[in-house]
Amino acid sequence: MEDKILDAQYRAELKNKKRIVIKVGTSSLIHKETGGLDLIKVEHLVRELTDLRNKGKDVILVTSGAIGVGRKAAGLQEKPERVPLKQACAAIGQARLMMIYQKFFAEYNQVAAQILMTRNTMLNARNRRNAQNTFEELMALGAIPIVNANDSISTFEILHGDNDTLSAVVASLVGADLLILLSDINGLYTDNPNTNPNAKFVPFVDTLDGELMGMGKDAVSSVGTGGMATKLLAAELATSAGADMVIANGRNMDVIHKIMDGQPYGTFFCSNEDDALELREFLKEHFHE
Ligand code: GLU
């Protein structure tokens, strides 16, 4: 009961958030049956993001989809397995993905920019500062940075990385006060809801403890690369960097303004600045080569 009241109170504050990172997974952007881009959803996503900008928010999009879009463009029937082929698909797909985002953003007179990051962007202090400066300048210009991993030049991300973690890294880098992860799952469950009918939905997480970190680790998304475990890791990083985080289903992009309006969608994770993790140490620990 107490959690319910807290949840509603925290969610009512979401409309006041100033700097928001939104991550969309491949599963929220493509038609599962064909692998083709769901243009209606991409268009809707762009409209939601531009509307947030129009409300005066700083908005950053972390998007997956480069490899998937590249595979389709290159006419590959099978999902690429070899890393160099994935890299080639990423190079083709990233450009095409940006072209489509740019087209839709242009329809709303919204300037968008591209930032491709690698693990070294974070580990190297100078690179990190450079990235931070670029983000700040872009946001001062009113642009929406569109971020992905630089998969075509760095294989580490393809082998170990996922955009759930990347979005938390970005949230921490830019000092965001909210991270929204959109995926093909509704949020956190006590167990995998596809295999355990008794799995319960968890709407609100005050503190991420060991028990919670173990929850839902088998609930893997069907198309995306990151399962629930990577989302909880992202929650650990983002909340300790001072951002609230919401994991919600990106089935309908309406969910973005509904979350911002304080409606009870997805799982809400409270920020916990007292528990600040050192970003570089975190990355070294979880993403060592
Ligand atoms: N960077 C990959 C891509 O754009 C996606 C990684 C992920 O899905 O987390 O295809």
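Since this is a predicted model, take the numbers as computed values, not measurements. (Residues numbered from 1 in each chain as written. Predicted model: local features only at pLDDT ≥ 70, side-chain atom pairs only at ≥ 80, totals over all residues. Heavy atoms only, no water.)

Undergrad: Whenever I open this one, the overall build of the protein chain confuses me. Can you help?
TA: For the protein chain, the count of helices and strands is 12 helices and 10 strands. Evaluated residue by residue, the protein chain yields a buried proportion of 53% over its 289 residues. Taking the intrachain contacts of the protein chain between residues at least 6 apart in sequence as the baseline, contacts between residues at least 24 apart amount to 76%. By element, 49% of the accessible surface of the protein chain is carried by carbon and sulfur atoms, the whole surface being about 13,400 Å². (Helix = DSSP H or I, 4+ residues; strand = E, 2+ residues; numbered from the N terminus. Buried < 20%, exposed > 50% of the residue type's maximum accessible area, 1.4 Å probe, protein only. Contact = heavy atoms within 4.5 Å. Areas by Shrake-Rupley, 256 points an atom, 1.4 Å probe, with all protein chains shown as cover.)

Undergrad: Could you clarify how one ought to interpret the side chain of Thr121 in this entry?
TA: Residue position: Thr121 is located in helix H5 (residues 119-123). A polar contact is formed between the side chain of Thr121 and the backbone nitrogen of Thr118, at a distance of 2.9 Å. Excluding anything up to four places from it in sequence, Thr121 contacts Asn127, Arg128 and Ala131. (Polar contact = N/O pair within 3.5 Å; in protein donor to acceptor, adjacent residues only side chain to side chain.)

Undergrad: Sorry, what's going on with the packing of helix H8 (residues 163-174) against helix H10 (residues 228-240) here?
TA: Angle between the axes and distance between the axes are the two parameters that describe a pair of packed helices. Running from N to C, H8 and H10 point in directions that differ by 5°, and their axes come no closer than 8 Å. Judged by the inter-axis angle, H8 sits roughly parallel to H10. Mapping the contact onto sequence places Asp164, Thr165, Ala168 and Val169 in H8 and Thr230, Lys231, Ala234, Leu237 and Ala238 in H10. For the contact of H8 with H10, the per-class residue count stands at 5 nonpolar, 2 polar and 2 charged. (Axes fitted to C-alpha atoms, helices over the stretch in contact; angles between N-to-C directions. Parallel < 35°, antiparallel > 145°, perpendicular 65-115°, else oblique. Nonpolar A, V, L, I, M, F, W, Y, C, P; charged D, E, K, R; others polar.)

Undergrad: I tried to follow the pairing of strand S1 (residues 19-24) on my own but got confused; where do I start?
TA: Residues in a regular strand project their side chains so that they alternate between the two faces of the sheet. Within S1, 6 of the 6 residues are buried, which leaves it mostly tucked inside the rest of the structure. Residue alternation in S1 divides its side chains into two sets, Arg19, Val21 and Lys23 and Ile20, Ile22 and Val24, and both sets are buried. Relative to strand S2 (residues 58-63), S1 runs parallel, the two sharing 6 bridges. Bridge pairing in S2 places Lys23 opposite Val62. Here 5 bridges tie S1 to strand S5 (residues 178-183), and the two strands are oriented parallel to one another. Bridge assignment links Ile20 to a residue of S5, and that residue is Leu178. (Pairing = 2+ DSSP bridges.)

Undergrad: How do you make sense of the environment of Ala66 when you look at a structure like this?
TA: Tracing the backbone through its elements, the reader meets Ala66 in helix H3 (residues 66-73). Here Ala66 falls in the buried class, since its relative accessible area comes to 2%. Sequence separation of Ala66 and Lys86 is 20 residues, and the distance between their C-alpha atoms is 9.4 Å.

Undergrad: Even after reading the chapter, I still don't get the pattern of salt bridges, so can you show me in this structure?
TA: Opposite charge on two side chains permits pairing when their charged atoms draw close. For the structure shown, the criterion picks out 11 salt bridges. As a salt-bridge pair, Lys17 and Asp244 come within 3.0 Å of each other at their nearest N and O atoms. On the criterion of sequence distance, the pair formed by Lys17 in the loop between helix H1 (2-12) and S1 and Asp244 in strand S9 (residues 244-249) is long-range, its members being 227 residues apart. Several salt bridges share partner residues, and in doing so they unite Lys18, Arg19, Arg53, Asp58 and Glu136 into one network. (Salt bridge = Lys/Arg side-chain N within 4 Å of Asp/Glu carboxyl O.)

Undergrad: Which parts of the structure should I look at to understand the nonpolar core?
TA: Side chains of a nonpolar character, in soluble globular proteins, are inclined to be buried together. Of all hydrophobic cores here, the largest spans 40 residues; its most connected members are Val21, Met117, Phe135, Val147 and Val170. Among the nonpolar cores identified, the runner-up in size contains 37 residues, and Val42, Leu49, Ile100 and Leu178 belong to it. (Core = buried A, V, L, I, M, F, W, Y, C linked by side-chain atoms within 4.5 Å.)

Undergrad: What's the story with the packing of helix H2 (residues 39-54) against helix H4 (residues 83-107) in this structure? I'm lost.
TA: The geometry of H2 relative to H4 is characterised by a closest axis approach of 9 Å and an angle of 55° between their N-to-C directions. The orientation of H2 relative to H4 falls into the category oblique. Here the hand of the crossing between H2 and H4 comes out right-handed. Of H4, the residues touching H2 (which contributes Leu39, Val42, Glu43, Leu45, Val46, Leu49 and Thr50) are Ile100, Tyr101, Phe104 and Phe105. A per-class count over the contact of H2 with H4 returns 9 nonpolar, 1 polar and 1 charged. (Left-handed = near helix turned anticlockwise from the far one by under 90°.)

Undergrad: How do you make sense of the packing of aromatic side chains when you look at a structure like this?
TA: For any two aromatic rings, the description comes down to two numbers: the centre-to-centre distance and the angle of the planes. Evaluated as defined, the whole model comprises 5 aromatic pairs. Relative to Phe201, the ring of Tyr189 lies with its centre 5.3 Å away and its plane at 65°, an arrangement referred to as edge-to-face. Of the two residues, Tyr189 is situated in strand S6 (residues 188-189) and Phe201 in strand S7 (residues 201-202); the sequence distance between them amounts to 12 residues. Its relative accessible area of 17% is what places Tyr189 among the buried residues. Ring geometry for Phe204 versus Phe268: centroids 6.0 Å apart, planes at 15°, classification stacked. Within this pair, whereas Phe204 is found in strand S8 (residues 204-205), its partner Phe268 is found in strand S10 (residues 267-269), the two being separated by 64 residues in sequence. Accessibility assignment for this pair places Phe204 and Phe268 in one class, buried. The rings of Tyr10, Phe204 and Phe268 are connected pair by pair, giving a single aromatic cluster. (Phe/Tyr/Trp six-rings, centres within 6.5 Å; stacked < 30°, edge-to-face > 60°.)

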